[in-house]
Amino acid sequence: MEAQSLSTCNQCGKKFQRKAHLLRHQQQHSGDRPYSCKFCSKTFKRSDVLRDHFSRCERRGNSAIPNSLERGRKRHACDECSRLKVKCDNEVPCRKCKEFGRTCVKSRPGGEMRSASSPEATPSTASRSTPDLAPSDRNSIGFLLNCPSETDFMREYPKSTTLSPHAKAADFQNLMNVNSNFESLAQNVNGSANGGTAIYQDYGPLIQENNLNVMLSNLEFETFERQTHNWQMPGENLILWSGPDGLFLDRNVLDQRAFDIRGKLKYTTSTMNAPHHPPPELLDAIEMITADSIAANIKLYFRHWHKHGPMVHEATFNPCHAALPLIISLMAIGGMYSKETADVAKLKLLLDTLEAYVFSIPGISDEYDIPGRTYVIQGENSSPQWQQYQLEELQGAYLMIVLQFWTGNPIARIRVRQQRFQRIVSIFHHLELQTVQHSPTYQVKDQASFSAWIRKEAFIRLATLATMLDHAFGIFNNVSPRFQWAELDLPFPSDDRYFKVKNYDELLAQQLHPQHKMKIKDAYLVLFATPETAHNDLQIIRAGNLTPLDLQMLIHYLYTHVWKCTFSNPMVGLPTTSISELVLPFKTAMRNWRTIWDEIKCSVPESEWNRLGFQRTAETYFDAVKSVIEVFEKRKGIFPPIPSDCEKGTHLKHLLSF
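As the structure is a computational prediction, the values presented were derived from the model and not from experiment.

Visitor: Which residues make up the overall build of the chain, and what are the values?
Guide: The number of helices and strands found in the chain is 26 helices and six strands. Classification of the 658 residues of the chain by burial places 50% in the buried group. Of the contacts made within the chain by residues no fewer than 6 positions apart, 70% connect residues no fewer than 24 positions apart. Carbon and sulfur atoms provide 51% of the accessible area of the chain, an area that totals close to 32200 Å².

In structure tokens:
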């Protein structure tokens, strides 16, 4: 049926069903731009375009979007119902607040606030929506997440948690008794029951601050490096093209690589912005990529980021010959450590373009089902050059996901979590990398066999780190793991001593013989040894020479499986299910993990400990797992619906607010 009462533009004759649409259209003829950004002063013809601009405005930073331009419907529910995402009856106090004994508060941005305490609310709860926690509950999720808003997250790592405990080895001896129960361990962490000093008093911020907020909100490059005094020295951005550490011998070749990268990025940004021209600032950022910047940033990568998860063979890496995705990712990650703030800002502006290019190349592209773009399985029968190139492509794609997840804009973080990582997992399944391992009978007897061993080791390290990232998505965003326990058969990465060797001759000179380590599954199952057998069973892990990185992998697995068996387990709702018996094996595993972790911390020299990366934060994950178990027991398995694939920490906050 033809629309009635059409409004017609008196200048071009175009018709509209609504007068509001006509008025909006007529602004195009008038040239008026009545809407301006308060942060960067750009002007717009329409308010909705301005509203979309706010989410991309670089000068806005963390400032709030003006209330009049917020998306969505105006909120009429009280603060508590809005936070719980439940229906509010709009009364003050509302029915839900009365039911849960909360303080009913209706806040209006820029306006007045109405509040009323429910009859059941105690004086301690009348002043805030989250009740105070008992001092003895310092390790609970309630204490760790006790902040009224997202802006109250801590923005720095506690410096003391990264220091070596070597000087306090005697303080850890009371944890070596495997027969001690889980509750006594909690007492030892918080302070002895008889008033003695807590054994972790030198690591106070970990226990006494919002440490889970730190874990959820602060795994950023800059803050961690500043807290661990790991920043480069003045002038370090400059790199010599000769000298004892000169890895980049042919500058002419690297100049050509930089030219190729600029050309590919310009094409990528033109397709991303079609039919419009790319923004000038984006093209200016692309021109920043030169041979000098590539060399300097890659050097920064190996000095600062490499230690967090060494999977690229530094001794033989050469950007003159490596795959472009890996060069781009190393350059981008290393550039985040630059002391030139303008260069860092330009590089961050390029992140989406870099990601788009890396995930547009054949094989890695989402169009993998199109003939000619499928990732070819050639395995060890293919040439060493092809195997190395395939490895470097996957390394570059994985590192780009890591970079965007921790430093990208909010949309980029969601994109890599939901789409890009799933593509990498599909490639892993296609190439069967979830079961890659060294052959027990493999021997390194010449340069060719050494190179093959290094390449296989790099694949193992890539696969193990990818599974850790998979678990991290579950910890931070409550995403179900893409890698399933039944399909994994990975060993721990071999000792870094072997991975740092440059060639076979150096291996012989140092009299090293590469050894493979125990499988992750085997070590994980040993953690569940009962107190009666733990003394002997844990010797298997001790003999495996596990590292802090290996222990961090195990605590990631523990968190995932604890969550599966508690808050993701439908059987907990049955009256026959015993909550205490359900979590008992995990308490045992936690106690054994902490025993091994403390032994490793006591045995590592202080200088070596301080050179470690994110592995040092494993005990923060231990606190998170312990707190999840405690809140599950406290609630007796009764909890509200918990959101999945959510923003960072939302699922834990939602659980707490019940």
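Visitor: How would you summarise unusual backbone geometry if you had to cite specific residues and measurements?
Guide: Between Val92 and the following residue, Pro93, the backbone shows a cis peptide bond with an omega angle of 0°. For Pro93, the position within the fold is in the loop between helix H3 (79–84) and helix H4 (95–100). Residue Pro275 is bonded to the preceding Ala274 through a cis peptide linkage, with omega at 5°. Tracing the backbone shows Pro275 in the loop between helix H10 (251–273) and helix H11 (280–286). The backbone of Glu432 sits at a positive phi, close to 60°, despite the residue not being glycine. Tracing the backbone through its elements, the reader meets Glu432 in the loop between helix H16 (410–431) and helix H17 (447–477). Overall, Glu432 belongs to the exposed group, its relative accessible area being 55%. Positive phi outside glycine occurs at Asp645, with the angle close to 50°. Checked against the element boundaries, Asp645 lands in the loop between helix H25 (618–634) and helix H26 (650–657).

Visitor: Residues and numbers for the packing of aromatic side chains, please.
Guide: Counted under the stated rule, the structure contains 22 aromatic pairs. Judged by centre distance (5.1 Å) and plane angle (80°), the rings of Tyr301 and Phe302 are edge-to-face. Comparing Tyr301 with Phe302, the two get one shared label, buried. Centre to centre, the rings of Phe405 and Phe473 are 4.8 Å apart; their planes meet at 90°, and the pair counts as edge-to-face. Placement of Phe405 in helix H15 (residues 384–407) and of Phe473 in helix H17 is noted, with a sequence separation of 68 residues between them. Residue Phe405 shares its accessibility class with Phe473, and that shared class is buried. Taken together, the aromatic side chains of Phe405, Trp406, Phe421, Phe428, Phe473, Phe476 and Phe483 make up a single cluster linked through ring pairs. Between the NZ or CZ atom of Arg461 and the centre of the ring of Phe499, over which it lies, the distance is 4.2 Å. The positively charged end of Lys521 is found above the aromatic ring belonging to Trp485, 5.1 Å away from the centroid.

Visitor: I'd love a proper account of the nonpolar core, names of residues and values included.
Guide: General note: in soluble globular proteins, nonpolar side chains tend to be found buried as a group. Among the nonpolar cores identified, the biggest contains 135 residues, and Leu554 and Trp593 are the most heavily contacted of them. Those residues in contact with Leu554 that lie beyond four places of it in its chain are Phe492, Ile520, Ala523, Tyr524, Leu527, Leu546 and Trp593.

Visitor: Give me H25: which residues, what numbers.
Guide: Compared with an ideal rise of 1.5 Å per residue, which puts 17 residues at 24 Å, H25 spans 25 Å between its outermost C-alpha atoms and is within 8% of the ideal. Burial runs high along H25: 14 of the 17 residues are buried.

Visitor: Before we move on, can you summarise the packing of helix H12 (residues 291–305) against helix H13 (residues 324–335) with the specific residues and values?
Guide: With their axes 7 Å apart at the nearest point, H12 and H13 run at an angle of 70° to one another. What the angle tells us is that H12 and H13 run roughly perpendicular. Across the interface between the two elements, Ile294, Asn297, Ile298, Leu300, Tyr301, Phe302 and Trp305 from H12 touch Ile327, Leu330, Met331, Ile333, Gly334 and Gly335 from H13. Of the residues belonging to the contact of H12 with H13, the class tally is 10 nonpolar, three polar and no charged.

Visitor: I'd love a proper account of the confidence of the model for the chain, names of residues and values included.
Guide: The predicted model of the chain averages 76 in pLDDT, with 73% of residues at 70 or higher. Throughout residues 217–224 the model reports pLDDT below 50, and contacts reaching past four residues in sequence, or to other chains, amount to 35 contacts. Segment residues 229–248 is flagged for pLDDT under 50; beyond a separation of four residues in sequence, or across chains, it makes 44 contacts in the model.

Visitor: Account for the pattern of salt bridges, with residues named and values stated.
Guide: A complete count under the given rule lists 18 salt bridges for this structure. We note a salt bridge from Glu287 to Lys266, for which the minimum N-O separation is 2.5 Å. Here Glu287, found in the loop between H11 and H12, pairs with Lys266, found in helix H10; they are 21 residues apart in sequence, far enough to count as distant. A residue is classified by how much of its surface remains accessible, and Glu287, at 40% relative accessible area, is partly exposed. With a closest N to O distance of 2.8 Å, Arg542 and Glu599 form a salt bridge. Here Arg542 is found in helix H21 (residues 534–543), whereas its partner Glu599 is found in helix H23 (residues 579–603), with 57 residues between them in sequence. Judged by relative accessible area, which is 26%, Arg542 ranks as partly exposed. In the salt-bridge network here, residues are joined through shared partners; they are Asp352, Glu355, Arg415 and Arg420.

Visitor: Break down the environment of Glu392 for me, with residues and values.
Guide: Of note, Glu392 is situated in helix H15. Sequence-wise, Glu392 and Pro325 are 67 residues apart; in three dimensions their C-alpha atoms are separated by 7.4 Å. Once residues lying within four places of it in the same chain are set aside, the contact partners of Glu392 are Ala322, Ala323 and Leu326.

Visitor: Help me get a handle on the packing of H15 against H16, residues and values and all.
Guide: Taken N-terminus to C-terminus, the directions of H15 and H16 make an angle of 155°; their axes are 9 Å apart at the nearest point. In terms of orientation, H15 and H16 fall into the roughly antiparallel class. Both H15 and H16 take part in a crossing whose hand is left-handed. Across from Gln390, Leu394, Ala397, Tyr398, Ile401, Gln404, Phe405, Trp406 and Thr407 in H15, the residues of H16 making contact are Ala412, Arg413, Arg415, Val416, Arg417, Arg420, Phe421, Ile424, Ile427 and Leu431. Residues belonging to the contact of H15 with H16 are distributed by class as follows: 12 nonpolar, three polar and four charged.

Visitor: Please provide a residue-by-residue account of empty space enclosed by the protein, values included.
Guide: In total, this model carries four cavities of 30 Å³ or more according to the counting rule given. Approximately 320 Å³ is the volume found for the largest cavity. In terms of lining, the largest cavity is formed by 18 residues, of which the most central are His308, Tyr398, Trp406, Met468 and Phe614.

Visitor: Give me the lowdown on the side chain of Arg461, citing residues and values where you can.
Guide: Along the polypeptide, Arg461 turns up in helix H17. For Arg461, a relative accessible area of 3% gives the class buried. Here Asp496 takes part through its side chain, which lies 2.9 Å from a polar atom of the side chain of Arg461. Residues within four places of Arg461 in sequence aside, it is in contact with Pro310, Met311, Pro493, Ser494, Asp495, Asp496 and Phe499.

What counts, and where the lines are drawn
Each chain carries its own residue numbering, running from 1 in the written order of its sequence. Reporting in this predicted model follows two pLDDT cut-offs: at least 70 for local features of residues, and 80 or more for side-chain atom pairs to be given and counted; totals over whole chains, interfaces and linings ignore these cut-offs and use all residues. Excluded from the side-chain calculations are hydrogens and water; all other atoms, namely the structure's heavy atoms, are used. What counts as a helix is a DSSP run of H or I of at least four residues, what counts as a strand is a run of E of at least two, and both are numbered from the N terminus. Residue burial is assigned from relative accessible area. The probe radius is 1.4 Å, only protein chains are included, and a residue is buried under 20% of its type maximum, exposed over 50%, and partly exposed in between. Contact criterion: two residues are considered in contact whenever any of their non-hydrogen atoms come within 4.5 Å of each other. Areas reported as accessible are Shrake-Rupley estimates using a 1.4 Å probe. Residue values count occlusion only from the protein chains shown. In this scheme Phe, Tyr and Trp rings, the latter by its six-membered ring, pair at centre separations within 6.5 Å, and the angle between planes marks the pair as stacked below 30 degrees, edge-to-face above 60, and tilted otherwise. Only Lys NZ and Arg CZ are tested; either one counts as a charge over a ring when it is within 6 Å of the ring centre and within 35 degrees of the ring normal. What we call a nonpolar core is a set of buried Ala, Val, Leu, Ile, Met, Phe, Trp, Tyr and Cys residues that are connected through their side-chain atoms within 4.5 Å. Expected span of a helix, by definition, is 1.5 Å for each gap between consecutive residues, and there is one gap fewer than residues. In this description, a line fitted to the C-alpha atoms serves as the axis of each element, helices being fitted only across the stretch in contact, and the angle between N-to-C directions of two axes falls anywhere from 0 to 180 degrees. To sort the angles, those under 35 degrees are grouped as roughly parallel, those over 145 as roughly antiparallel, those from 65 to 115 as roughly perpendicular, and the leftovers as oblique. Residue polarity is assigned by list, with Asp, Glu, Lys and Arg as charged and Ala, Val, Leu, Ile, Met, Phe, Trp, Tyr, Cys and Pro as nonpolar; anything else, Gly included, falls into the polar class. Confidence of the predictor in every single residue is expressed as pLDDT, which spans 0 to 100. Salt bridges, as used here, are contacts in which a Lys or Arg side-chain nitrogen is within 4 Å of a carboxyl oxygen on Asp or Glu. Definitions for this section: a left-handed crossing has its near helix turned counterclockwise from the far helix by less than a right angle. A right-handed crossing has that turn clockwise. A pocket here means an open set of points on a 1 Å grid, computed over the protein atoms alone, that has protein on both sides within 12 Å along at least five of seven lines. A cavity is instead a set of points where a 1.4 Å probe fits but cannot get out; residues with an atom within 4 Å of a point line either one. Grid points are joined across faces, edges and corners, and a volume is the space filled by probe spheres set on the points. Polar contacts, as counted here, are pairs of nitrogen or oxygen atoms within 3.5 Å of one another; within protein the pair requires one atom able to donate a hydrogen and one able to accept it, and residues that are adjacent in sequence qualify only if both atoms are side-chain atoms.

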